[in-house]
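Spelled out, the chains give:
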Amino acid sequence: MFDLDPLLLLQTAPILLKGMLITLKITVAAVVLGMFSGTLLAVARVSPILPLRWLSALYVNCFRSIPLVMVLMWFYLIVPQMLARFFNLSPLTDIRLISAITAFTMFEAAYYAEIIRAGLGSIPRGQTQAALALGMTLPQALRLVLLPQAFRAMAPLLLTQGIILFQDTALVYILGLGDFFRTAVTIGKTNGYEPAMILFAGLIYFGICYAASRLVDSLKRALAEQKRAS
Amino acid sequence: MHWGLFFEQAPFGGVQYYQWLLRGFAVTVELSVCAWVVAFLAGSVFGIMRTLPHRAFRAAGGFYVAVFRNIPLIAQFFVWYLVVPELLPGSLGRDLKAMDPEIQFFILAVACLGLFTGGRICEQVRSGIQAQSRGQLSAGLALGLTLPQCYRHVIMPNAYRIIMPPMTSEILNMIKNSAVASTIGVIDLSAQANRLLEYSARPYESFIAITLAYVTLNFTVMFLMRLLERKIRVPGSTGGRHV
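Residues numbered from 1 in each chain as written. Chains lettered and ligands numbered in written order. Predicted model: local features only at pLDDT ≥ 70, side-chain atom pairs only at ≥ 80, totals over all residues.

A few words on the overall build of chain A. In terms of regular secondary structure, chain A is built from nine helices and zero strands. Counted from the first residue to the last, chain A has its helices and strands arranged as α-α-α-α-α-α-α-α-α. The C-alpha extent of chain A, read off along each of the three principal axes, is 70 × 50 × 25 Å. Buried positions account for 37% of the 230 residues belonging to chain A. (Helix = DSSP H or I, 4+ residues; strand = E, 2+ residues; numbered from the N terminus. Buried ≥ 20, exposed ≤ 12 C-beta atoms within 10 Å, placed from the backbone.)

Written as structure tokens, this is what we have:
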């Protein structure tokens, strides 16, 4: 049951690639949008305006205490009607991809917010004071002085979070969305190679994630080296 | 909103809806506790191996972490569900398949979630060991302790205390990850959300109740871990807090 017909892999390669494209689409969209909203949340969390701090903390803590599976189900079973109205879609449109991207973005924003907040926290207070003393406003100080340093310090963690997100996108399986994992499972099921195809999918994920985490490791070393040199 | 829903009769089993919720809650808690035991043991063993002087041990620990951290959890669940029973030696695989499906899925889920989380605990344990100065080990050896004795009496007690805060967040992550077990047929909290939705046709009440159950579980664990942290902290240390 574990012998996989190489011909089958060759024949189904285009469908598998299409699935991988959906996986990458969700990952890239959620990383970009999630990091953007995460930055806004982190800034709100350190802002001098109390209600903003509360709202940001509430959002982050809520999303961090709910399983991703539940968030996906909310966005698949409950929110779609709302989303369909919001984006003005006809009821026939397949909104699974939009639901998935929205769910991952909102979920990841909470995690990115915590990473960026930690990055902002790691910068000495003197930096803020110096920027303000130079006549910058707080938004200017954040944009020109603090955030660039926070991103730099947290680059390895932000990238690692991206790798985790790439793996987590396989959960869109429960939405029936044909990403790489779901496609591999379906091909296996219809051709009687299910266990082999699951192992194959796992191997591909492993290859990509292992290579990516090695890259992050070398980036981490390079950053540490640079810090020591300066 | 119609919260009286939970006290209405469920369509089968002769119970009320709230008992579905409680049952799901119990399964999630049972799964998390059992998986945590597996994760803690596997993470400790492999984490210690990653710090040993012998290269073969370090390589084995590194291999474990690389495999379990670089494959999506849902793919790992499918491997445990579809592949592992075929690979078990002797009659073990057949025995497993002959079990009540509910128990069979539960055992597989414990193994999967436990070893997956173990990969993360392993890294924590390793960093907890490496965070201590080398003098600790040297002093222990100089006093005539063997290497295993050094780990047992000198290094590990401090390592576990150091890694308490990150360990807490790993436990919380594990509880959240346990929801993925519903994909292989474990009827946990998240699976009950689907059942409630299907039979009661009350989407908002069902989902809000299940989500609140997860939040409650999370906060309870967070609170208990904070108590434990305070209790076992090395006297005089700040416990990593700078306030």
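Still more to cover.
Here we come to the overall build of chain B. If you tally the helices and strands in chain B, you get 10 helices and zero strands. In chain B, the succession of α and β elements from N to C terminus is α-α-α-α-α-α-α-α-α-α. Structurally, chain B occupies a C-alpha span of about 70 × 55 × 25 Å along its principal axes. Every one of the 243 residues in chain B was classed for burial, and the buried ones make up 36%. Long-range contacts, defined as pairs at least 24 residues apart, comprise 73% of the intrachain contacts of chain B with a sequence gap of at least 6. (Contact = placed C-beta atoms within 7 Å.)

A few words now on helix α8 (residues 180-191) of chain A. Over its 12 residues, α8 of chain A runs 17 Å from end to end, which matches the ideal 16 Å to within 8%, given 1.5 Å per residue. Those residues of α8 of chain A that sit buried are F180, F181, R182, T183, A184, V185, I187 and G188 of chain A. The inward-facing, buried residues of α8 of chain A abut α1 (6-46) and α9 (194-229) of chain A together with α3 (73-87) of chain B. Note on α8 of chain A: the residue one or two positions beyond its end, G192 of chain A, has a positive phi of about 75°. (Expected span 1.5 Å × (residues − 1).)

Turning to the interface of chain A and chain B, a few remarks are in order. The partner chain B presents 26 residues to the 29 residues of chain A that form the contact. When contributions to the side of chain A that touches chain B are tallied by element, the ones reaching two or more residues are α3 (68-78), α7 (138-168) and α9 of chain A. Classifying every residue of the side of chain A that touches chain B by side-chain character gives 23 nonpolar, four polar and two charged. (Nonpolar A, V, L, I, M, F, W, Y, C, P; charged D, E, K, R; others polar.)

Before going further, it helps to spend a moment on the environment of S47 of chain A. All names here are of chain A. Within the fold, S47 resides in the loop between α1 and α2 (50-64). Take S47: there are 15 C-beta atoms within 10 Å of it, and that puts it in the partly exposed class. Taking the C-alpha atoms as reference, S47 lies 36 Å from C209; in sequence the two are 162 residues apart. When neighbours within four sequence positions are excluded, S47 is seen to be in contact with L52 and R53.

Further remarks concern the packing of helix α5 (residues 101-130) of chain B against helix α7 (residues 147-162) of chain B. Residues and elements named next belong to chain B. Running from N to C, α5 and α7 point in directions that differ by 115°, and their axes come no closer than 8 Å. Seen from above, α5 lies across α7 with right-handed handedness. Within the contact between the two elements, α5 uses V125, G128 and I129 and α7 uses I155, A159, Y160 and I162. For the contact of α5 with α7, the per-class residue count stands at six nonpolar, one polar and no charged. (Axes fitted to C-alpha atoms, helices over the stretch in contact; angles between N-to-C directions. Left-handed = near helix turned anticlockwise from the far one by under 90°.)

Another aspect to go through is the nonpolar core. Membership of the largest hydrophobic core comes to 115 residues, with the highest contact counts inside it found for M70 of chain A together with I74 and A109 of chain B. No other element matches α5 of chain B, which puts 13 residues into this core. When near neighbours in sequence (up to four residues on either side) are disregarded, A109 of chain B contacts L31, A181, I184 and V186 of chain B. (Core = buried A, V, L, I, M, F, W, Y, C linked by C-beta atoms within 7 Å.)

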